Amino acid sequence: MERGGRVVLRLPAFAAPRGQVTAVIGPNGSGKSTLLAALQLLIKPRRGVLTLDGAPMRDDPLGTRRRTASVFQEALLLSMSVRRNVETALGLHKVPRGERRDRAMRWLQRLGVDGLADRHARELSGGEAQRVSLARAFALEPSLLLLDEPFSALDAPTRTTLIDDFAAIVRETGVTTVLVTHDREEALRLADHVALLIGGTLRQSGPPETVFSAPADPEVAAFVGVENVWPGALRGQAQGVATYAVPGGDVDVVIDGAAAPAALVCVRPEQITLDLPDHDGPPTSARNRLPGRVAAIEPAGALVRLRLALADEGVMVATLTRPSLEALELEVGSALVASFKASAAHAIPHQGASG
């Protein structure tokens, strides 16, 4: 697809599974907004066909638009009352006049803003306006719901409650949804399926847990927050587990098939458990135990981010709660043992990664 005469998106194939939420994620300039604009029929692909339930979308543009609903970062409400905003949209989608009021009020109630039905849209807060916008979209009973960063402009408490309400509604309705977002936590919270774009190409797609824990390449790993990426050399392989030598020690990785001789070994920070060297608690199933020392302690919202110095100039990043930090009495220089399961590690085949 082109914008301004420049190709900004190349997708040999893209699918949003029916009845699921597909989160489209990626850095700025990756093509997310271009993809959404194409699905809204605002731009035309240079080649290829867009289909909705098997039918080409551009064969009947008006009919396609009546089967879709969009919600943007800004609510974009009309200068009229809340209820009339919803009823007007229903009228444009050819909903019979006698049904409009009941359907509008039902969805305003479902989004918790039915008490604002007679208020002018200009008098709403940002969170209220976005709830009305979502109520308007769901009231259309679309076959396809398109969302462009709908929660990003809201303050944290408002955003959290609205995401919770939206998650419940989208599961109840089963509407096929494409959500463009830059927020990784939002994608994990809402999506059944994730499509990650980088540089105008689809770099990885699949269930969120796969994309976020088993990245396809180093750029994907960096975007999804896999901060521990080490060059590894294969030491051995047995019963679906490969052992790689990495800076800091040997790491066991669950694999499917033959292990690559050289790989980038990845572990998410939140998959790592930290204990003192003389910890005598119950045994764990973690096969990987790497000793190190605290090199830095950094606040990270509700959590604390620790940077550990490992052997052979290895570095590891792990997160833990503030109570855990206090219970372990950690400070810079404290000795620790970092543990994680073989199933938490992932190997990206990479020729020459160990050298």
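Given the structure is predicted, the values throughout are model-derived calculations rather than measurements.

Cut-offs used in this document
- Residues numbered from 1 in each chain as written.
- Predicted model: local features only at pLDDT ≥ 70, side-chain atom pairs only at ≥ 80, totals over all residues.
- Heavy atoms only, no water.
- Salt bridge = Lys/Arg side-chain N within 4 Å of Asp/Glu carboxyl O.
- Helix = DSSP H or I, 4+ residues; strand = E, 2+ residues; numbered from the N terminus.
- Buried < 20%, exposed > 50% of the residue type's maximum accessible area, 1.4 Å probe, protein only.
- Axes fitted to C-alpha atoms, helices over the stretch in contact; angles between N-to-C directions.
- Parallel < 35°, antiparallel > 145°, perpendicular 65-115°, else oblique.
- Contact = heavy atoms within 4.5 Å.
- Nonpolar A, V, L, I, M, F, W, Y, C, P; charged D, E, K, R; others polar.
- Polar contact = N/O pair within 3.5 Å; in protein donor to acceptor, adjacent residues only side chain to side chain.
- Left-handed = near helix turned anticlockwise from the far one by under 90°.

Participant: Would you mind going over the pattern of salt bridges in detail, with residue names and values included?
Facilitator: For the structure on display, the rule yields 20 salt bridges. Ionic pairing is found between Arg83 and Asp118, a salt bridge with its closest N-O pair at 2.6 Å. One end of the pair, Arg83, is in helix α3 (residues 82–92); the other, Asp118, is in the loop between α4 (97–110) and α5 (126–139), with 35 residues separating them in the sequence. A residue is classified by how much of its surface remains accessible, and Asp118, at 62% relative accessible area, is exposed. In this structure, the salt-bridge partner of Asp192 is Arg171, at a minimum N-O distance of 3.5 Å. Residue Asp192 is found in the loop between α7 (184–190) and β9 (193–198), and its partner Arg171 is found in helix α6 (residues 156–173); the two are separated by 21 residues along the sequence.

Participant: How would you summarise the packing of α5 against α6 if you had to cite specific residues and measurements?
Facilitator: Two elements in contact, α5 and α6, have axes whose closest approach is 11 Å; the angle formed by their N-to-C orientations is 10 degrees. With respect to α6, the axis of α5 lies roughly parallel. Seen from α5, the contacting residues are Gly127, Gln130, Arg131, Leu134 and Phe138; seen from α6, they are Thr158, Thr161, Leu162, Asp165, Phe166, Ile169 and Thr173. Tallied by class, the residues present in the contact of α5 with α6 amount to five nonpolar, five polar and two charged.

Participant: An account of the side chain of Thr68 is requested, with residue identities and associated values reported.
Facilitator: Structurally, the position occupied by Thr68 is in strand β6 (residues 68–71). Its relative accessible area of 11% is what places Thr68 among the buried residues. Separated by 3.3 Å, the side chain of Thr68 and the backbone oxygen of Arg65 make a polar contact. Other than its neighbours up to four places away in sequence, Thr68 contacts Leu52, His93, Pro142 and Leu144.

Participant: Give me the lowdown on the packing of α3 against α5, citing residues and values where you can.
Facilitator: At a minimum axis separation of 9 Å, α3 and α5 run at an interaxial angle of 30 degrees. What the angle tells us is that α3 and α5 run roughly parallel. Both α3 and α5 take part in a crossing whose hand is right-handed. Residues Val82, Asn85, Val86, Ala89 and Leu90 of α3 touch α5, and the partners they reach there are Val132, Arg136 and Ala139. Of the residues assigned to the contact of α3 with α5, the class counts are six nonpolar, one polar and one charged.

Participant: Hey, could you go over the environment of Arg83 for me, with residue numbers and the actual values?
Facilitator: Residue Arg83 is classed as buried on the basis of its relative accessible area of 14%. With 31 residues separating them along the chain, Arg83 and Asp114 place their C-alpha atoms 8.4 Å apart. Not counting chain neighbours up to four residues away, the residues in contact with Arg83 comprise Arg101, Ala104, Met105, Leu108, Ala117 and Asp118. Side-chain polar atoms of Arg83 contact the side chain of Asp118, separated by 2.6 Å.

Participant: How would you explain the side chain of Gln130 if you had to name every residue and give the values?
Facilitator: With respect to the helices and strands, Gln130 occurs in helix α5. According to the relative accessible area criterion, Gln130 is buried, its value standing at 2%. A distance of 3.3 Å separates a polar atom in the side chain of Gln130 from the backbone oxygen of Gln73. Dropping the residues within four chain positions of it, Gln130 is found in contact with Val71, Phe72, Gln73, Glu74, Ala75, Pro150 and Leu162.

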